[in-house]
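A closer look at the structure
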Amino acid sequence: MVRIMKLLTRDERPPGEEPVSDLVPEPEVSRAKRVRVLLAAACSPLLFSYTAVALVLAVVAFSADRSRFSATGALLAAGPGWLASWQVELDLGGHPLGVLPLLPTLVVAWLVARATARAVRRIGGRTPADAVPVVTVIAGAHALFGVLVALSAGGSPIDVNPLTAFCVPGLLAGLAAVAGVAKSCGLPAAVRDRFDPVAVHGLRAGALGLAAMIACGAVVFTAATALSWSTVDSLFEPGFGPNFGMFVLSVAYLPNAVVAALSFTTGPGFSVGSLTVGMFGYHEGRLPGVPVLAGIPSHHAVWWPALLLLPALVGALVGWKIRAVDEDPMLRMRAVAVAGALVAFGCVVLGTLAGGRLGDGPFDPVSVPVGVASVIAFCWIVIPGGFVAFFAGAHEPPEPPGEPDAEVIAEDVAVEEETVEPEADEAAEPAEEAELDEETREFDDEAEAELARELGENLDETPAETAPEQDVAVTESTDGSGDESAPGGDR
């Protein structure tokens, strides 16, 4: 049996050939399935968030004393509550309500991001173009639902501007949807390809700096609330009903309080009606009896400027993050500037969402000076961050690729000249030796000619008569010697 299975499952492809399953493309999602996925992505966060708001309002109304619970009333009130969760300003009997809780906004945005990511995975989206239909459908559904709620609330004590109800939920839902599909559709890679790498590093460091700033605000708010716990306890009434509603309200406004503490930590501060709390200034005023505001001090303290060390440390952290981005100090400074701009923009957005109108009473308005706060936040990032990034990193700019330094070129030329000069000397030596040989040869020829000339003159000056006598003498001497030496001679 095992041998039969091996025969049936044996790969008969020639070596190097890909499997047939790898060559077949993935089947495309049908149009009907795509439509179902888009409708589910558009409706599921709407229904869930609306139901959650209605449930919270129903529980608060049911637990409150001296109140009549009505399921229909809770469902009708859930519409304006849903708009408030998307930061749409409401009008309560002619009194504007613009200070809306940020925690519900974060929750509904998270729901939209999850639904968008799930829808993109189901349709097999891999590129930013695949996410465009999903993001468009979800943003359009929230915008249309906001207009529907605003029109249905007409004639009731709660009034909503239809244009605001259309634009704000659609815009925020679209941004949340983009955040949900960013990773799965490759948006970070597309941003890295289109932007300067130094700017991308600056954006990352800026996101880290903004998160650290928010963490500093949360630490200051927590410490202030803990030190004022007796005041917090006194604001809760006996019984579960009133306390539950107060607790839900305080928890919903926790992010708003953290943003106010962030503005206070960086310096500008915040204001609630006539009350102004700043690092270097304080103006007394009344406060609403809400536990989330119990940590606001009742007078100025001289040690408050010591808290400025926190944003300075955040700026140093950003600079430390950027110190190894590039060897050129000026490029690192540019990355620090990008990070500071992102932190400043984040402070503007957070300050705008955290404040607003609060009726026409003594607590109106609740505001954060976003203009001053953004400039100061930028300075807290750029000044200490630039100092750390400049001195903690390299100080010599890198050589541009493909363009060697001028000094290196000059040194190479000098070395080549030094190499060529000995070769020229070596080439000149044979020529000099040839010249010396030629001069020596000419000198020898002249000497031989002179010697021959002198010999010729001496031969010409010899007398003619002396020559025979010499010959005769030579002959005689030769004969005499022959006689003496001849054997057997006559005696």
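Structure shown above.
I will try to describe carefully the structure that is included in this document. Everything numeric in this text was worked out from a predicted model, so none of it was measured. (Residues numbered from 1 in each chain as written. Predicted model: local features only at pLDDT ≥ 70, side-chain atom pairs only at ≥ 80, totals over all residues. Heavy atoms only, no water.)

This paragraph deals with the overall build of the chain. Of regular secondary structure, the chain possesses 17 helices and 7 strands. For the chain, with 491 residues in total, the buried portion stands at 32%. Here the contacts in the chain between residues at least 6 apart in sequence split such that 73% fall between residues at least 24 apart. (Helix = DSSP H or I, 4+ residues; strand = E, 2+ residues; numbered from the N terminus. Buried < 20%, exposed > 50% of the residue type's maximum accessible area, 1.4 Å probe, protein only. Contact = heavy atoms within 4.5 Å.)

Moving on, we get to helix H4 (residues 71-85). The first and last C-alpha atoms of H4 sit 20 Å apart over 15 residues, in line with the 21 Å expected at 1.5 Å per residue. Maximum bend of H4: about 30 degrees, positioned at Gly-79, with proline Pro-80 one to four residues after it. For H4, the set of buried residues is Ala-74, Ala-78, Gly-79, Pro-80, Trp-82, Leu-83, Ala-84 and Ser-85. The elements touched by buried residues of H4 are helix H3 (31-63), strand E1 (90-92), helix H5 (103-122), helix H6 (128-152), strand E3 (158-159) and helix H7 (162-181). The first or second residue beyond H4 is Gln-87, which carries a positive phi of 65 degrees. (Expected span 1.5 Å × (residues − 1). Bend = angle between axes of the 7 residues up to and from the residue.)

Bringing unusual backbone geometry into the picture now. Asp-364 connects to Pro-365 through a cis peptide bond whose omega is 0 degrees. Topologically, Pro-365 is positioned in the loop between helix H14 (329-354) and strand E7 (366-367). The backbone of Gln-87 shows a phi angle near 65 degrees, a positive value even though the residue is not glycine. Relative to the helices and strands, Gln-87 resides in the loop between H4 and E1.

In total, this model carries 7 aromatic pairs according to the counting rule given. Ring geometry for Phe-264 against Trp-304: centres 5.2 Å apart, planes inclined by 85 degrees, an arrangement best described as edge-to-face. Taken together, the residues Phe-264 in helix H12 (residues 254-266) and Trp-304 in the loop between strand E6 (282-283) and helix H13 (309-322) connect sequence positions 40 residues apart. The class of Phe-264 is buried, set by a relative accessible area of 8%. Since its relative accessible area comes to 4%, Trp-304 is described here as buried. Between Arg-323 and the ring centre of Trp-320, over which it is positioned, the NZ or CZ distance is 3.8 Å. (Phe/Tyr/Trp six-rings, centres within 6.5 Å; stacked < 30°, edge-to-face > 60°. Lys NZ or Arg CZ within 6 Å of the ring centre and 35° of its normal.)

What follows covers the sheet that holds E3. As summarised here, the arrangement of the 3 strands in space is E2-E1-E3, forming an open sheet in which the pairing is antiparallel. Two strands in the sheet have a free side with no partner beyond their single neighbour: strand E2 (95-97) and E3. Summarising the sheet, E1 and E3 pair through 2 bridges and their orientation is antiparallel. Bridging across to E3, Leu-92 finds its partner in Ile-158. (Pairing = 2+ DSSP bridges.)

All right, on to the pattern of salt bridges then. According to the stated counting rule, one finds 3 salt bridges in the structure shown. In this structure, Arg-357 engages Asp-360 in a salt bridge whose closest nitrogen and oxygen atoms are separated by 3.0 Å. Note that Asp-364 and Arg-357 form a salt bridge whose closest N and O atoms lie 2.9 Å from each other. Take Arg-357: its relative accessible area is 34%, and that puts it in the partly exposed class. (Salt bridge = Lys/Arg side-chain N within 4 Å of Asp/Glu carboxyl O.)

Within the largest apolar cluster, 43 residues are counted, with the highest numbers of intra-cluster contacts made by Met-213, Phe-264, Phe-270, Val-277, Ile-322, Val-343 and Ile-381. At the level of secondary structure, the elements contributing two or more residues to this core comprise helix H9 (197-227), H12, strand E4 (270-272), strand E5 (275-277), H13, H14 and helix H15 (370-392). Among the elements that make up this core, the one with the highest residue count is H9 (8 residues). Ignoring any residue separated from it by four or fewer positions in sequence, one finds Val-343 in contact with Gly-206, Gly-209, Leu-210, Met-213, Ala-377 and Ile-381. Core analysis: the next-biggest nonpolar cluster, separate from the first, contains 31 residues, Ala-41, Ala-42, Ala-84 and Ala-176 among them. (Core = buried A, V, L, I, M, F, W, Y, C linked by side-chain atoms within 4.5 Å.)

What follows deals with a positive patch on the surface. On the surface, Lys-33, Arg-36, Arg-114, Arg-118, Arg-121 and Arg-122 cluster together into a patch of positive charge. Elements represented by at least two residues in the positive patch include exactly H3 and H5. No other element matches the 4 residues that H5 contributes to the positive patch. Along the chain, Arg-114 falls in helix H5. A residue is classified by how much of its surface remains accessible, and Arg-114, at 42% relative accessible area, is partly exposed. (Patch = residues over 30% accessible without salt bridge, like charges linked within 9 Å, V, L, I, M, F, W, Y side chains within 5 Å. Areas by Shrake-Rupley, 256 points an atom, 1.4 Å probe, with all protein chains shown as cover. Lys, Arg positive; Asp, Glu negative; His and termini not counted. Charge placed at Lys NZ, Arg CZ, Asp CG, Glu CD.)

Our focus in this paragraph is the packing of H13 against H15. When two helices pack together, you describe them by how their axes are tilted relative to each other and by the distance separating the axes. Remark: H13 packs on H15, axes separated minimally by 7 Å, with the N-to-C direction vectors making an angle of 40 degrees. It follows that H13 is oblique to H15 by the angle criterion. As for the relative orientation of H13 and H15, their crossing is right-handed in sense. Contacts from Pro-311, Ala-312, Val-314, Gly-315, Ala-316, Val-318, Gly-319 and Trp-320 in H13 reach Trp-380, Ile-381, Pro-384, Gly-385, Val-388, Ala-389 and Ala-392 in H15. (Axes fitted to C-alpha atoms, helices over the stretch in contact; angles between N-to-C directions. Parallel < 35°, antiparallel > 145°, perpendicular 65-115°, else oblique. Left-handed = near helix turned anticlockwise from the far one by under 90°.)

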